[in-house]
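# Observations on the model geometry
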Amino acid sequence: MARPRRQEGRRASLIDATLAVGAERGLRSLSLTDVAQRAGLTRGAVLYYYDDLDALLLEAHSAGIERFCTARDAALAEIDDPRVQLGVAIAEGLPTGPDDALMGLLYQFDALAGDASLHDELVQALYLRQLATYRRIVEAGRAAGVFAPRLDDETLAMTLVALEDAYGLHIVGGNALMTVDAAASAMRAVATELGCPVA
């Protein structure tokens, strides 16, 4: 029983190493050797767990999505008021700044989506999870009578995801004209104007 747990731990450390080195050097210049060195392993040891770099990147991409979405959903699960949930969803969905490694990597994975159908599927999976998060909040607010959306729930959720992604890309891209506070404030204003006031 110890062997599967050890393998699971080794895979997790390789994912962490991939995300760390990818954030530092960029995914397009990442190599198996880079990951192996960060994880304290040989290149051959990495290939014991993954067939090639693409397989490792796919799992790292999936893990990055899970970390982002699960962390946000966990924060929202502790809140009852949809107005407060919406504010937290907006705050948690934006990068913490230009140096937000995980968010930066998720945007880099978006750029890789055209190179592999599985990456494309993961980009779509992230989008669907983002949509679901906002849709649940809007539906809950409508049901509670605290939201009066001027758009249907799906269109409103799509709009919020589009704003989240657009502002997030500017932030991780280092656009000095776009701050996290400005992006969050703009998203809250749009949501409020569309009938979903943020507390």
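Above this text is the structure in question.
Worth saying up front: this structure is predicted, and the values here are computed from it rather than measured.

The rules behind these values
Residues numbered from 1 in each chain as written. Predicted model: local features only at pLDDT ≥ 70, side-chain atom pairs only at ≥ 80, totals over all residues. Heavy atoms only, no water. Salt bridge = Lys/Arg side-chain N within 4 Å of Asp/Glu carboxyl O. Helix = DSSP H or I, 4+ residues; strand = E, 2+ residues; numbered from the N terminus. Buried < 20%, exposed > 50% of the residue type's maximum accessible area, 1.4 Å probe, protein only. 1 Å grid on protein atoms, 1.4 Å probe; cavity = no way out; pocket = protein on both sides within 12 Å on 5 of 7 lines; lining within 4 Å. Points joined across faces, edges and corners; volume = space filled by probe spheres on them. Contact = heavy atoms within 4.5 Å. Polar contact = N/O pair within 3.5 Å; in protein donor to acceptor, adjacent residues only side chain to side chain. Core = buried A, V, L, I, M, F, W, Y, C linked by side-chain atoms within 4.5 Å. Patch = residues over 30% accessible without salt bridge, like charges linked within 9 Å, V, L, I, M, F, W, Y side chains within 5 Å. Areas by Shrake-Rupley, 256 points an atom, 1.4 Å probe, with all protein chains shown as cover. Expected span 1.5 Å × (residues − 1). Axes fitted to C-alpha atoms, helices over the stretch in contact; angles between N-to-C directions. Parallel < 35°, antiparallel > 145°, perpendicular 65-115°, else oblique. Left-handed = near helix turned anticlockwise from the far one by under 90°. Nonpolar A, V, L, I, M, F, W, Y, C, P; charged D, E, K, R; others polar.

### Re the pattern of salt bridges
- Considering all chains together, one arrives at 11 salt bridges under this definition.
- Put simply, Glu164 and Arg72 hold a salt bridge, and the shortest N to O gap is 2.7 Å. Within this pair, whereas Glu164 is found in helix α8 (residues 153-172), its partner Arg72 is found in helix α4 (residues 53-77), the two being separated by 92 residues in sequence. Exposure class is identical for Glu164 and Arg72. Each is buried.

### Digging into the layout of surface pockets
- Of the voids in this model, the largest pocket is the one considered here, and its volume is about 150 Å³.
- What lines the largest pocket is Arg67, Phe68, Ala71, Arg72, Ala91, Glu92, Leu94, Pro95, Thr96, Asp100, Leu102 and Met103.

### Examining the environment of Arg142
- With respect to the element layout, Arg142 can be found in helix α7 (residues 117-144).
- On the accessibility criterion, Arg142 (38% relative accessible area) is partly exposed.
- Separated by 53 residues in sequence, Arg142 and Gly195 have C-alpha atoms that sit 9.6 Å apart.
- Ignoring anything within four residues of it in the chain, the contact list for Arg142 reads Phe147, Pro149, Leu151 and Asp153.
- Of note is the side chain of Arg142, whose polar atom sits 2.4 Å from the side chain of Asp153.

### Observations concerning the nonpolar core
- Among the nonpolar cores identified, the biggest contains 32 residues, and Leu14, Ile15, Leu30, Leu56, Leu106 and Phe109 are the most heavily contacted of them.
- When contributions to this core are tallied by element, the ones reaching two or more residues are α1 (2-25), α2 (32-39), α3 (43-49), α4, α6 (101-112) and α7.
- The element contributing the most residues to this core is α4, with nine residues.
- Leave out the neighbours within four places in its chain, and Leu14 touches Val35, Ala39, Leu41, Val46, Tyr49, Tyr50 and Leu56.
- Counting residues in each nonpolar core, the second largest holds 24 residues, with Ala89, Ile137, Leu156 and Tyr167 among its members.

### Thoughts on a nonpolar patch on the surface
- There is a patch of nonpolar side chains on the surface, built from Tyr127, Leu128 and Met158 and spanning about 270 Å² of accessible area.
- Structurally, Met158 can be placed in helix α8.

### Observations concerning α4
- Between its first and last C-alpha atoms α4 spans 36 Å; for 25 residues at 1.5 Å apiece the expected length is 36 Å, and the two agree.
- N-cap assignment for α4: the residue whose side-chain oxygen lies 3.2 Å from the backbone N of Asp54 is Asp52.

### Some remarks on the packing of α4 against helix α5 (residues 82-93)
- The contact between α4 and α5 brings their axes to 10 Å, and the two run at 155°. Judged by the angle between their axes, α4 and α5 are roughly antiparallel. Viewed along their axes, α4 and α5 form a crossing whose handedness is right-handed. In contact with Phe68, Arg72, Ala75 and Leu76 of α4, α5 contributes Gln85, Val88, Ala89, Glu92 and Gly93.
- Taken together, the residues that form the contact of α4 with α5 break down as five nonpolar, two polar and two charged.

That's the geometry; what it means functionally is another story.
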